[in-house]
Amino acid sequence: MQIKLQIIERLLLVLAATVIPLYFTDLRLSLPGVIIRLADISSITIICLYFILARHRRIVWCVPHGYQMVFVFIGYCLLLGILKSSLKDAIVESVQWVLLLVVIGIVYGQSIKYPKEFQALFLKALLMICIFVVLYHFSHGKYYHYKDLGDAKYILALTGVVLVSYTYFFNNKKYILPLIILYPLILLSLERKGILAFHIVSLIYLMMAYRYAIKWLLTLAFFIGVFLLLLAPNIVDLSGFSFFNYNDVEIYYLDEDAALWVSNLHRQSLVTFGWDIFQKNIFFGVGPKMLTSHMVDYFYNPNLALYTHNVFLDILIEYGVFGLVLLLFPYFIFSLKNNFSSIRQRNCFFCLLVYSIIMLFFMSSGAPSMLLFYLPLCIGFIFNSPALSDKKYNN
C-alpha cells in the first residue's frame, strides 16, 4: 500500500507541475455533445489524487495567506447566480470556479512540498508547450503571428517572464541561453500585450539587479530631459494624445461591418458598452454568464456581443464591485502578513504582479486569465517558501 501511495504522490507532483502550462494550450477532446479541455481532465485527476492522499494523511491543504477567502467568493457567485441568472448558470459557474481555485491551491501545496522538482518540471512543461506552439504554426506555413491555438498565444511571453524571473531569483546564468532562443519567437508571436508585459517586467528586473547603474542613468536622462524642455518647451505636445483610437461618435454610431474586421474598433466598442453596463449595475453586477446577454442590446449583429477583453471590467460587469473586492481580498490579507523570506522573493512577487495586471487589462475572461489573476499570490508557483503559507509541511 505504501508503494502505491508513493506512486500516487509522484503522479500528483507531475500533474500539478504541468497543469498550469497545460491551461495555456488548446488541446481538447471532442466527445458526443461536449468538448473537454485536456487541462480540465488533468485538474479533475489532481483533485481525485489529492483526496486519496488526504484520506491516508499523506498530504495537507497548504495555500498562501489569505487564499481561503476565495471560497467566500464562490458562495457569493452561487447566490448571485441564483438571484440574477438561473440555477443552471449558477451551478455551472460555481463548479468551474471551485475546480480552478481548488487546483490552484493543490498546485501551490506541491510547489511548497517539492520545490526543486516542481520548478524543474514546471519550466520543462512551459518550454515543451512553446516548442509545440511554434512547430504547429511552422507546419502550417505560419512563421509569425502564432495565434491559431487559442490561449496558447500567451505561452511564449509567460515562459519568457518565468525565465527572466528564474535568472534573477536564482542568480543563475544557465537560464539566459533558452531566453535568448525564445526572445525572437516572443517578438514573432505578435502577441502585443505579452510582448509589452515581457519587456516591462524585464526592465524592472534589470533595474533591480543593477539598481546603482540604472539610478545614475535615470538621473542623467532626467537632467537631459529637463535641459531639452528648457531649450524647447514645445518639444512635447500631448494635446492630441488619447488612449483610444476612435471618438464617441464612431463608437455609439458603430459601423458594425467595419467592426467585424477592425479589431481595435470592435474592442473599443466592447469596453465602452461594457463600462456602460457596469455603471447600471455597480455593486452586484448583472450575474454570472450574463454579460453577453446585456451586451447584445448594443449591437445589431449578435456575433459582435462578446466579453470586453478586460478581465477586471468583465468581473465588475458580472459580479460588481463587491465581487471584485472578494477576489482581491486574498491579496490584502497576504500583504498584511508580509512574510517574504528574501528581498528577491518580494521583488519577484512585484514583477509577477506587474505582468498579471498588464495581461489582465487586455485578456478575455477564462481559466488562463484567472490563473494569471492569482499567479503573483502564489509567487508564480516557483519562488515559494513555507513562511508564505497558512500550513507548513514538515519536510
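Residues numbered from 1 in each chain as written. Predicted model: local features only at pLDDT ≥ 70, side-chain atom pairs only at ≥ 80, totals over all residues. Heavy atoms only, no water.

Asks: Would you mind showing me how to read the side chain of Ser111 here?
Replies: With respect to the secondary-structure elements, Ser111 resides in helix α4 (residues 87–113). From its side chain, Ser111 meets the backbone oxygen of Tyr108 in a polar contact 2.6 Å long. (Helix = DSSP H or I, 4+ residues; strand = E, 2+ residues; numbered from the N terminus. Polar contact = N/O pair within 3.5 Å; in protein donor to acceptor, adjacent residues only side chain to side chain.)

Asks: Which parts of the structure should I look at to understand a nonpolar patch on the surface?
Replies: Residues Ile282, Phe283, Phe284, Val321, Phe322, Val325, Phe329, Phe332 and Leu336 make up a contiguous nonpolar surface patch of about 850 Å² in total accessible area. Relative to the assigned elements, Val325 resides in helix α14 (residues 311–337). For Val325, a relative accessible area of 45% translates into the label partly exposed. (Patch = residues over 30% accessible without salt bridge, like charges linked within 9 Å, V, L, I, M, F, W, Y side chains within 5 Å. Areas by Shrake-Rupley, 256 points an atom, 1.4 Å probe, with all protein chains shown as cover. Salt bridge = Lys/Arg side-chain N within 4 Å of Asp/Glu carboxyl O. Buried < 20%, exposed > 50% of the residue type's maximum accessible area, 1.4 Å probe, protein only.)

Asks: I tried to follow the environment of Leu15 on my own but got confused; where do I start?
Replies: With respect to the secondary-structure elements, Leu15 resides in helix α1 (residues 2–23). The spatial distance from the C-alpha of Leu15 to the C-alpha of Leu49 is 9.9 Å, given a sequence separation of 34 residues. Not counting chain neighbours up to four residues away, the residues in contact with Leu15 comprise Ser42, Thr45, Ile46 and Leu49. (Contact = heavy atoms within 4.5 Å.)

Asks: I keep staring at the pattern of salt bridges and nothing clicks. Help me out?
Replies: Side chains carrying opposite charge are able to pair once their charged atoms draw close together. Counted according to the given criterion, the structure contains seven salt bridges. Between Arg58 and Glu9 there is a salt bridge; the shortest N-O distance is 3.1 Å. Of this pair, Arg58 sits in the loop between α2 (38–55) and α3 (70–84) while Glu9 sits in helix α1, and the two are 49 residues apart along the sequence. For the pair Arg58 and Glu9, a shared accessibility class is recorded, and that class is buried. Overlapping salt bridges bring together Glu9, Arg58 and Lys113 as one network.

Asks: Even after reading the chapter, I still don't get the layout of surface pockets, so can you show me in this structure?
Replies: To locate leftover empty space, one rolls a probe as large as a water molecule over the atoms. The calculated volume of the largest pocket comes to roughly 880 Å³. Surrounding the largest pocket, 28 residues form its lining, Glu93, Gln96, Lys289, Gly366 and Ala367 being those nearest its centre. Those elements giving two or more residues to the lining of the largest pocket turn out to be β2 (34–37), α2, α4, α14 and α16 (367–373). Residue composition of the lining of the largest pocket, grouped by class: 16 nonpolar, five polar and seven charged. (1 Å grid on protein atoms, 1.4 Å probe; cavity = no way out; pocket = protein on both sides within 12 Å on 5 of 7 lines; lining within 4 Å. Points joined across faces, edges and corners; volume = space filled by probe spheres on them. Nonpolar A, V, L, I, M, F, W, Y, C, P; charged D, E, K, R; others polar.)

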